[in-house]
Amino acid sequence: MRKLTYFIACSLDGFIGDPDGDASAMLRFVDEEFLAFLKAEYPETVATHGRRALGIDDLPNKRFDTVIQGRGSYELALKEGIASPYAHLREYVASSTLKESPDPNVEIVADDLVGRVRELKSEESEFDIYLCGGSKVAGELIDEIDELVIKAYPLVYGTGMPMFGSGFAISEFILESVRTFGNGAVVRTYGRKR
């Protein structure tokens, strides 16, 4: 059984962006040390156009071969004219409003997202599934998430888009590792307590 990993950047107070979802304030923490970490351990989480710009397009996937994202996250790429932001992965976009995929590499999941994720998790593969956002999709998939990799940056937003846009539900995870960086960023990895 493959794992669904929510690999997400957030502020110290648990927001993945401002009230509109803009997370650009966090980008300054992706410095040389942090980028080296991403390249060594999670190269596939860097969008294809970013991989090309950084000259790391040839790095093999280490953890994931599939990505799931919400319409809001996907819309950021579409606004830049990028219809397949993770062309090096199988791409799924959860959307009830996007009727047709603008790219053959991107499959739109209009209904039963949980069922589709369960199908993907049951596939035979050495790789897991990367949930890249957003808040609403993470909330819908909370019971399917097996691992959290939280990249916390030393910022406090005060308000914004929460990591999980869902109703109240308690889900317990177990801390597996913590990595700190010179710029104040911390990456915590948690496994779901089952």
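Within any chain, residue numbers begin from 1 and follow the written order of that chain's sequence. At least 70 in pLDDT is required for a residue's local features to be given in this predicted model, at least 80 for side-chain atom pairs to be given and counted, and no such filter applies to totals for whole chains, interfaces and linings, which use all residues. Values reported for side chains reflect all heavy atoms of the structure, with hydrogen atoms and water molecules removed beforehand.

We now examine the side chain of Asp128. In DSSP terms, a helix is any run of H or I states spanning at least four residues, a strand is any run of E spanning at least two, and both are numbered starting from the N terminus. Looking at the element boundaries, Asp128 is found in strand β6 (residues 128–133). Buried charge without a partner: Asp128 forms no salt bridge, and the closest opposite charge is Arg63, 4.2 Å away. Excluding residues that lie within four positions of it along the chain, Asp128 makes contacts with Arg2, Lys3, Arg63, Phe64, Asp65 and Thr66. Relative accessibility under 20% of the residue-type maximum defines a buried residue, over 50% an exposed one, and the middle range a partly exposed one, all with a 1.4 Å probe and only protein chains included. Note that His is not counted, nor are the chain ends; the positive residues are Lys and Arg, and the negative ones are Asp and Glu. We count a salt bridge whenever a side-chain nitrogen from Lys or Arg sits within 4 Å of a carboxyl oxygen from Asp or Glu. Note on contacts: a residue pair is in contact if any heavy atoms of the two residues lie within 4.5 Å.

Bringing the sheet that holds strand β7 (residues 147–153) into the picture now. DSSP-based pairing: two strands are paired if at least 2 bridges between them are found. Here eight strands make up an open sheet; going across it, the order is β5-β4-β3-β6-β1-β7-β10-β9 and the pairing mixed. Since the sheet does not close on itself, it has two edges, and those belong to β5 (106–109) and β9 (173–180), each with one partner. Within the sheet, the average angular offset between the axes of one strand and its neighbour, ignoring direction, is 25°. Note that β7 and strand β10 (residues 186–192) share six bridges and pair antiparallel. Counterpart to Leu148 in the pairing with β10 is Tyr190. A fitted line through C-alpha atoms serves as each axis, taken over the contacting stretch for helices, and the angle formed by two N-to-C directions is quoted from 0 to 180°. Packing of helix α1 (residues 32–41) onto the sheet brings it into contact with β1 (4–11), β7, β9 and β10, and relative to β9 it is tilted by some 130°.

Quick look at the nonpolar core now. Phe34, Phe37, Leu38, Tyr42, Tyr86, Tyr130 and Tyr153 are the most contacted members of the largest nonpolar core, which has 25 residues in total. It is α1 that provides the largest number of residues to this core, a total of four residues. Filtering out sequence-adjacent residues up to four positions away, Leu38 remains in contact with Phe7, Val30, Pro43, Thr45 and Val46. The term nonpolar core refers to a set of buried residues drawn from Ala, Val, Leu, Ile, Met, Phe, Trp, Tyr and Cys, joined through side-chain atoms within 4.5 Å.

Among the seven residues of β10, five are classified as buried, and the element is accordingly described as predominantly covered. Linking two consecutive strands that pair antiparallel, namely β9 and β10, is a turn of five residues; a positive phi of about 95° is found at Gly184 within it.

What follows concerns the packing of aromatic side chains. Pairing of aromatic side chains here covers Phe, Tyr and the six-membered ring of Trp, requires ring centres within 6.5 Å, and sorts the geometry by plane angle: under 30 degrees stacked, over 60 edge-to-face, intermediate tilted. Scanning the entire structure with this criterion turns up 12 aromatic pairs. Pairing Phe7 with Tyr42 gives two aromatic rings, centres 4.6 Å apart and planes at 40°, and the pair type is tilted. Residue Phe7 is found in strand β1, and its partner Tyr42 is found in the loop between α1 and α2 (48–54); the two are separated by 35 residues along the sequence. By relative accessible area, Tyr42 is classed as buried at 6%. Here the aromatic rings of Phe34 and Phe181 are separated by 4.8 Å at their centres, their planes lie at 55°, and the arrangement is tilted. A residue pair is termed long-range when its members are at least 10 positions apart, and Phe34 in helix α1 and Phe181 in the loop between β9 and β10 qualify at 147 residues. Chaining the aromatic ring pairs together yields one cluster made of Phe7, Phe29, Phe34, Phe37, Tyr42, Phe64, Tyr86, Tyr130, Tyr153 and Phe181.

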